[in-house]
Amino acid sequence: MATVQVRSAPRGRVREEHPIEITKEVITPEMAKKLLENNPNNRPVSRNTVKRYARDMAADRFEFTGDPIRTNGNGELIDGQHRLMAILMANKPVEVLVM
């Protein structure tokens, strides 16, 4: 697993740097479930999107795009709910970036 740390650039004034860690990981259905447990403010789920992703994952056709699963500093999920739900539906681990 490769890890990259990115430091945010100051905007307009000097402020404390906040490191961002990006890792390439294999997300298992169990990990997906755990990440989805802290998902308070995401947009409504598109069941069709989840089904399409899950179908592609089950058939090994889901392509690695580099779009990360993102959480905030409090561990809340802020991006990736459709992919995580599809991992659960397909019951198959998938390699993704996690930020």
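As shown above, the structure is provided for reference.
Conventions we followed
- Residues numbered from 1 in each chain as written.
- Predicted model: local features only at pLDDT ≥ 70, side-chain atom pairs only at ≥ 80, totals over all residues.
- Heavy atoms only, no water.
- Salt bridge = Lys/Arg side-chain N within 4 Å of Asp/Glu carboxyl O.
- Helix = DSSP H or I, 4+ residues; strand = E, 2+ residues; numbered from the N terminus.
- Buried < 20%, exposed > 50% of the residue type's maximum accessible area, 1.4 Å probe, protein only.
- Contact = heavy atoms within 4.5 Å.
- Polar contact = N/O pair within 3.5 Å; in protein donor to acceptor, adjacent residues only side chain to side chain.
- Axes fitted to C-alpha atoms, helices over the stretch in contact; angles between N-to-C directions.
- Parallel < 35°, antiparallel > 145°, perpendicular 65-115°, else oblique.
- Left-handed = near helix turned anticlockwise from the far one by under 90°.

K.L.:
Sorry if this is basic, but what is going on with the pattern of salt bridges here?
P.N.:
Between side chains of opposite charge, a pair can form as their charged atoms come close. Within the structure shown, the criterion is met by six salt bridges. Ionic pairing is found between Asp 60 and Lys 92, a salt bridge with its closest N-O pair at 2.5 Å. Of this pair, Asp 60 sits in the loop between helix H2 (47–58) and strand S3 (68–71) while Lys 92 sits in the loop between helix H3 (81–90) and strand S5 (94–98); the two residues are 32 residues apart in sequence, bridging distant segments of the chain. By relative accessible area, Asp 60 is classed as exposed at 62%.

K.L.:
Sorry if this is basic, but what is going on with the environment of Val 96 here?
P.N.:
With respect to the helices, strands and loops of the structure, Val 96 is situated in strand S5. Sequence-wise, Val 96 and Val 26 are 70 residues apart; in three dimensions their C-alpha atoms are separated by 6.3 Å. Here Val 96 is in contact with Thr 23, Lys 24, Glu 25, Ile 27, Phe 64 and Ile 69, once residues within four sequence places are set aside.

K.L.:
It is not clear to me how the side chain of Thr 23 should be interpreted in this structure. Could you clarify?
P.N.:
With respect to the element layout, Thr 23 can be found in strand S2 (residues 19–27). The exposure class assigned to Thr 23 is buried, which follows from its relative accessible area of 5%. At 2.5 Å, the side chain of Thr 23 and the side chain of Glu 25 are in polar contact.

K.L.:
Can you help me understand the packing of H2 against H3 in this one?
P.N.:
Axes are the key here: two packed helices are described by the angle between their axes and the distance separating the axes. Where H2 contacts H3, the two axes come as close as 8 Å, and the packing angle between them is 55°. Comparing the axis directions of H2 and H3 gives the class oblique. Two packed elements cross with a definite hand, and for H2 against H3 that hand is right-handed. For the pair H2 and H3, the contacting residues are Arg 47, Thr 49, Val 50, Lys 51, Tyr 53, Ala 54, Met 57 and Ala 58 in the first and His 82, Arg 83, Met 85, Ala 86, Ile 87, Met 89 and Ala 90 in the second.

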